[in-house]
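# A closer look at the structure
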Amino acid sequence: MHKLKDKKLLLQLIIIVLLLLFPIVVKNRYWIYIPTITAINIIAALGLSVLIGFTGQMSMGHAAFFGIGAYASAIFTMRFGLPFWLVLPLVGILNFAIGLIIGRPILRLKGLYLSLATLGFAELVQLVMSQWKTVTGGWSGISSIPAPTIGSFSFANENRYYYIAIIMVILIIWVTHRIINSRTGRTFIAIREDELAAESSGVNTTKYKVLAFAISTLYAGIAGSLYAHSVKFISPDSFTMNESIIFLSIVVVGGRIGSIPGTVIAGIILSFAPELLRAFSLYQTMLYGLVIIVIMNVMPDGIGKIIKGISTSIFKEKNEKATN
Amino acid sequence: MDLLQQIVSGLTTGSLYVLLALGVSLLYRALEIVNFAYGETFMLGAFTGLILYDWLHIPFPITLILTMVISGLIGVLIEKIAYRRLYKKHHLILLLATVGVSVFIRSGATAVFGTVPQAFPSVFGEKPIMLGTLILIPQNLFILGVACVIAIILQIFLKGNFGTAMRAAAQSKDAASLMGINIVSTTVATWGISSALGGVAGLLMSPIFFVATTVGTSILIKGFAAAVLGGIGNLPGAIVGGLLLGIIENIGAFYISSTWKDGISFAVMLLVLMVRPAGLFGKYIEKI
């Protein structure tokens, strides 16, 4: 049993070392920028996975919280001159609070009604972004958002920013893993499996659903903040329904029944796919749509289930050998 | 008088929201599905109309019928290719498949037609008629009339055998099947009718607004908002909801600000969902 754990740990260490070496080996700035965006997408999608995959609640409007995080982060650093390292947790707290406030009335709704409510909310937020010109800059958005710095060391360079994104995504994966394997996480899963049964077992389902929602908005906010300081320019166009769809498709392709590795791998595939399809520029988004249709038809259970199958077969075998 | 003018203007857009809301509610009523590609059905209908009427110079009444038929057929085709295998899965799977179809059609249409909005020729004259101080535009009245006729025909049609079969299938697929109702053809017909409604709404909207590949999302939400306002799944409710949304939107844009016009429908939808998710006439069904 020990050896199995060691092997998993070793595998994780190898992946982390490879990720840290990546910018040293790959010199192309573009190919370093994409993993940064991938990491940001994964962070937002993991939050959505806590909500959809593990708690069974829907959201069609996470672009709103992603956008709120990005705008709050840009405004805090540029207007109030706060350092990025303070703003990042601040944005997290702010988004968590917004999630609690919005979640309370919205999560009384279920399924379709919940999707529509979150969708309506996201469109309203986007409208505020484009119309509240004094704060958000309207449709022209906010540009030259400063890069994070430590003393005189600036993270403006893609190579350096990459490390912030990678460290954050590793941290978030670990935190998510801890949440899911805690009492709270098991409560989330109980709600997903059967809300009525959970409630009759004494679970305050409203409280936990709102908590899952707030966690997902917190993640979206962190992702938004990382996004704003990475691309350095934000406008309402970056936070449309399309963005919500990208996060949602990562979660569902990863596996509707929540799976952290599934979400991560789906995040990598669906963030890299548009870049690899860039050769077909005109048909790029079209192919993206096609990929989603095909995956839903061919493997509706998502990548998560396949990973589970592979990992049980590999680790089980090794486990048996180890005990022998 | 201003208020009356706004109400009259609102009725025209409202009548198109009625068609959209009917399409949304019909699909929900029969199959408990929300189609996130519905805005694209609308957009395709508008382009079909543009090609038939403006490019091929086919008379408008025939364009109208052809657009409905073509939109319906496209809907049926998509159902067969993308959705048919997914009914027995979790509803989220089908929902994402409709999202995929939406992305696919929108970007496909953009690749073909470009992003520049295209003008649709006036069909029935834009010279205003004065009725006291009230300004009436013949074209808008015509659109309102056509939308009403379609809504009424649909209501009558649904009172017949098909409507009964559809309701029976919605209640219990197995029981309906045992009673000799063909579930597959009922499902296909529902998709066809819903798509035809969306397409014809797109065609009728074209003379008032531009034809653009990007209208999908905002139109989709208007259709949802109208359906939610009337009670999603409730067909008479969809008629009231659509007209009411059109009027509210127009009055709001007039008295508050036209930049917030789109926001009014989002706000109405959110408010109704918060206060009374069942809408004005519907029942709140937690199933899906």
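Residues numbered from 1 in each chain as written. Chains lettered and ligands numbered in written order. Predicted model: local features only at pLDDT ≥ 70, side-chain atom pairs only at ≥ 80, totals over all residues.

### Brief notes about the overall build of chain A
A count of helical and extended segments in chain A gives 14 helices and 2 strands. Taking 324 residues into account, the globule formula puts the C-alpha radius of gyration at 20 Å, and chain A, at 20 Å, falls close to it. Referenced to the eigenvectors of the C-alpha coordinate spread, the extents of chain A come out at roughly 65 × 50 × 45 Å. Residue burial in chain A is summarised as follows: out of 324 residues, 47% are buried. At a minimum sequence separation of 6, the contacts of chain A that also span at least 24 residues come to 80%. (Helix = DSSP H or I, 4+ residues; strand = E, 2+ residues; numbered from the N terminus. Rg over C-alpha atoms; globule rule 2.2 N^0.38 Å. Buried ≥ 20, exposed ≤ 12 C-beta atoms within 10 Å, placed from the backbone. Contact = placed C-beta atoms within 7 Å.)

### Quick look at helix α3 (residues 62–79) of chain A
Residues and elements named next belong to chain A. Along its 18 residues, α3 runs 25 Å from first to last C-alpha, staying within 8% of the 26 Å computed at 1.5 Å per residue. Of all the 18 residues making up α3, 15 are buried; the element is thus mostly covered by neighbouring parts of the structure. Positioned one or two residues after α3, Gly81 has a phi angle of 65°, which is positive. (Expected span 1.5 Å × (residues − 1).)

### Focus on the interface of chain A and chain B
At the interface, 34 residues of chain A touch 36 residues of chain B. Those elements that provide at least two residues to the side of chain A that touches chain B are α5 (111–131), α11 (241–254) and α13 (284–298) of chain A. Here the residues of the side of chain A that touches chain B are counted per class, giving 23 nonpolar, 8 polar and 3 charged. (Nonpolar A, V, L, I, M, F, W, Y, C, P; charged D, E, K, R; others polar.)

### Some words on the packing of helix α2 (residues 38–55) of chain B against helix α9 (residues 216–230) of chain B
Residue and element names in this part refer to chain B. Direction vectors running N to C along α2 and α9 enclose 115°, while the axes themselves pass 7 Å from each other. Here α2 runs over α9; the crossing is right-handed. Listed contacts from α9 to Tyr38, Gly39, Glu40, Phe42 and Met43 of α2 are Gly216, Thr217, Ile219, Leu220 and Gly223. (Axes fitted to C-alpha atoms, helices over the stretch in contact; angles between N-to-C directions. Left-handed = near helix turned anticlockwise from the far one by under 90°.)

### Focus on the nonpolar core
Judged by nonpolar contacts, the single largest core of 185 residues is most densely connected at A:Ile43, B:Val18 and B:Leu19. Dropping the residues within four chain positions of it, A:Ile43 is found in contact with A:Met168, A:Val169, A:Ile172, A:Tyr219, A:Ile222 and A:Ala223. (Core = buried A, V, L, I, M, F, W, Y, C linked by C-beta atoms within 7 Å.)

### Quick look at unusual backbone geometry
Despite not being glycine, A:Ser144 has its phi angle at roughly 40°, a positive value. By the secondary structure assignment, A:Ser144 is in the loop between α6 (133–136) and β1 (149–150). If you check the backbone angles, B:His57 has positive phi at about 55° while not being a glycine.

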